[in-house]
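# Notes for the structure review
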Amino acid sequence: MAELPEKPIQKASLGKALSERYLSYALSTIMARSLPDVRDGLKPVQRRILYAMDQLRLDPETGYKKAARVVGDVIGKYHPHSDVPVYEALVRLAQHFASRYMLVDGQGNFGNIDGDSAAAMRYTEARLTAVAKALLEDIDKDTVDFIPNYDGQEEEPRVLPANFPNLLANGATGIAVGMATSIPPHNVGEICDGLLHLIKAPNARIETLLEKIPGPDFPTGGVMLEDPAGVLEAYSTGRGSVVHRAAWELEDLSHGQYQIVVREIPYQVQKGRLIEKTAELLNNKKLHLVNDIRDESAEEVRIVIEPRSKNVDPAVLMETLYKQTEFENRISFNLNVLDKDNVPQVMNLRQILQAFLDHRRDVLIRKTQNRLKEIAHRLEVVAGYLIVFLNLDEVIRILREEDEPKPVMIKAFNLTDIQVEAILNMRLRSLRKLEEMKLQTEYNTLQQEQKELQSLLKSDELQWQEIANQVRSIKEKFGPKIEGGQRRTQIEKAPDVEEIPEETFIEKEPISIVCSRAGWIRAAKGHNIEADSLKYKEGDEGRAILQAYTTDKLLVFGTNGRFYTITCDKLPSARGFGEPLNLIIDLESGQDVADLLIYQPNGKLLLASSSGHGFVVNEDSILAQTRNGKVVMTLAKDAKATRAIRLSSSDDTVAVVGENRRMLIFPLEDISELAKG
């Protein structure tokens, strides 16, 4: 066996070699895997699946074929990757809860909204839907470019003709290298209204288009909370988000009781996981307004939520669920797509609609040009047939007597090569008188069609009229007049429910807060805690025991003049010695706890320092939002904060004892009330 010649070693810097290879990988991921084309709204694997099914003649009117057969054709001819991602892409196109307008009609187990996987592809069958056929319409009429497949033995379309606005209708998600895309689905009837308006007014404002396309329309229904400014920003810049939450209704029970039934959940939320996580919060006593949650779903979603009491406001109950669970979801907008030149860019709503219309115009022009070629060819052939009928006897004589009739006929009747070939291939039955009349009628009809198509190519106005008619046809075929074409997601203003305090989400239980002299803190259940039964670390002792509830807030006054706030449900349990306070709050090194209090709304505290300074402060103004606390008392040099004494409405006098053992008594009103001092 001959040895292969050794290739010379090429020297290159590691950085340059890595950057070139990484750039190639990144471009491949962006253009050939993750981002959809703005024209047909499909990623390459989705486009290849639909084209392969079209080649297999899996039309909506025909029978199904095994999904394994489809996947085999896709990976064998067009997509040389694993069969798993190809089948997963096919399954998603067939899931009614994942695709607003399904492109694949599946038969068998294609998964469910609970998050269960589809059956193996050898058990499932598939065919195209009417929407998919609209995307493939006229693909055989030279309307789009075809490119060689990965091995050069087949051809595949670079893009589909797309007589359906699939990008906005079904949306898209994907993560590429250094970029991602997230396009929510929309209602095709509304998209068509937007397209028609843009044809009339090419410079239409985004605000005007949003009157036609008010927002996403998710396959799972639900409710989108209207935020006009946020929606406008998302569609104007291509980036933003909207809030999508479950739709619910009340069911009245006997004795004034009720239960809440959720029939529509947020988009891309798995129902099984939603129930599991909510039940987990319920078991952990984080949903004290809810008594029970259960799944009674069959073919349709039905989640039943029982309130803790009939006196619970159902709107408040649902707001607690929205805040803590996936009953509310935020859908992001990142309208990042590949344009017609395969360049990724973030587009706004008008640009996406215009790109679709421009593509439809290109398809119309190419289809018209292709039809004109067919007409020209047919007119040439029919003209030749008519010459035969005018000179039938002479033609028959030439055919019977000449060894090479073709050149003789071309010279005798001034025919073209194409005409002579067609005449020589004529059947005898075509020589009837009736056929001559049909040919003359066909010739006249083709000439009329030719004139109309030529006029269409020359007129921008006629072209946009034709595209507008196509858009109206899409709306008629897939819009609100057909079953499933109506808007599913309701758009509502945020409900007028008072802001729910954080303690609403905490189970109210009595606790005793124990803090040691060394700063170790813990919370024991109940209020009947005996001080003698508490144990501390060696060399440590008790500092304070406070009775509180898990819904309360603990105020820690540091010797540095800062107030720290801890929600009592976050305190460590009384098993063991607890935890050091400086693990919960950022108490500076060398500082200690001056005082501990349970927060009371609108309460008043008298603060004092070792330098003899002090003032009154409102408790609402000292609540801290971070671990760093909030500076309330500015201290003199070497001074420390010493006390924070709660005042009652009956307090009117202050008694102060100095280090000289003298007492001073003066009216409380003589002390200023400050937010910081």
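Just above sits the structure.
So, here's what we can say about the structure. The residue numbers shown here count from 1 along each chain, following its written sequence. A pLDDT threshold of at least 70 governs which residues receive local features in this predicted model, and a stricter bar of 80 or more applies before side-chain atom pairs are shown or counted, although totals over entire chains, interfaces and linings include all residues. Heavy atoms from the whole structure form the basis of all side-chain values; hydrogens and water molecules are not counted.

With that out of the way, let us pick up the pattern of salt bridges. Here, a salt bridge means any side-chain nitrogen of Lys or Arg that lies within 4 Å of a carboxyl oxygen of Asp or Glu. In total, this model carries 43 salt bridges according to the counting rule given. Here R205 makes a salt bridge to E207, at a shortest N to O gap of 3.5 Å. In this structure, K406 and E421 form a salt bridge, with 2.7 Å as the shortest nitrogen-oxygen distance. Placement of K406 in helix α14 (residues 405-413) and of E421 in helix α15 (residues 417-424) is noted, with a sequence separation of 15 residues between them. Each member of the salt-bridge network shares a partner with another, and the members are E249, E251, R263, R294, E296, R302 and E306. Comment: elements are numbered from the N terminus, with helices defined as DSSP H or I runs of at least four residues and strands as E runs of at least two.

Buried together is how nonpolar side chains tend to be arranged in soluble globular proteins. As used in this record, nonpolar core signifies buried Ala, Val, Leu, Ile, Met, Phe, Trp, Tyr and Cys residues forming a set joined through side-chain atoms within 4.5 Å. Note on exposure labels: buried denotes an accessible area under 20% of the residue type's maximum, exposed denotes more than 50%, and partly exposed covers the range between, all computed with a 1.4 Å probe on protein chains only. Residues L50, F164, L349 and L353 are the most contacted members of the largest nonpolar core, which totals 86 residues. If one sorts the elements of this core by residue count, helix α12 (residues 349-390) sits on top with ten residues. We call two residues contacting when some pair of their heavy atoms lies within 4.5 Å. Beyond its immediate chain neighbours, meaning those up to four positions away, L349 contacts L168, I206, L209, L210, I213 and Y235. In terms of nonpolar packing, the next biggest core, distinct from the first, is built from 25 residues, A246, Y258, I265 and F327 among them.

Bringing the sheet that holds strand β28 (residues 641-647) into the picture now. When DSSP finds at least two bridges between two strands, those strands are taken to pair. If you walk across this open sheet you meet the three strands as β26-β25-β28, and the pairing is antiparallel. Each edge of the open sheet carries a strand with a single partner, namely β26 (614-618) and β28. Taking the axes of each pair of neighbouring strands and ignoring which way they run, one obtains an average angle of 25 degrees across the sheet. Relative to β28, strand β25 (residues 604-609) runs antiparallel, the two being bridged by six bridges. Each residue of the ladder has a partner; that of K604, found in β28, is L647. Every axis corresponds to a line fitted to the C-alpha atoms, with the helix fit spanning only the stretch in contact, and the corresponding angles, defined between N-to-C directions, vary from 0 to 180 degrees.

Like-charged residues are merged into a patch within 9 Å and nonpolar side chains (Val, Leu, Ile, Met, Phe, Trp, Tyr) within 5 Å, provided each residue has over 30% relative accessible area and no salt bridge. Only the protein chains shown count as covering a residue, and every accessible area follows the Shrake-Rupley method with a 1.4 Å probe. Together, V657, M663 and I665 give the surface a local cluster of nonpolar side chains, amounting to about 330 Å² of exposed area. Structurally, M663 can be placed in strand β30 (residues 663-667).

Let us look at the packing of aromatic side chains. Note on ring pairs: Phe, Tyr and Trp rings are taken, using the six-membered ring of Trp, and paired if centres are within 6.5 Å. Classes follow the plane angle, with under 30 degrees stacked, over 60 edge-to-face and the rest tilted. In the structure shown here, the tally under the stated rule is seven aromatic pairs. Ring centres of F557 and F563 lie 4.4 Å apart, and the angle between their planes is 10 degrees; this geometry places the pair in the stacked category. Assigned by exposure class, F557 and F563 land together as buried. An aromatic cluster of three or more residues is present, and its members are Y51, Y78 and F146. To sit over a ring, a charge needs its Lys NZ or Arg CZ within 6 Å of the ring centre and within 35 degrees of the ring normal. It is R100 that lies over the ring of Y101; its NZ or CZ is 4.6 Å from the centre. The positively charged end of R522 is found above the aromatic ring belonging to Y536, 5.1 Å away from the centroid.

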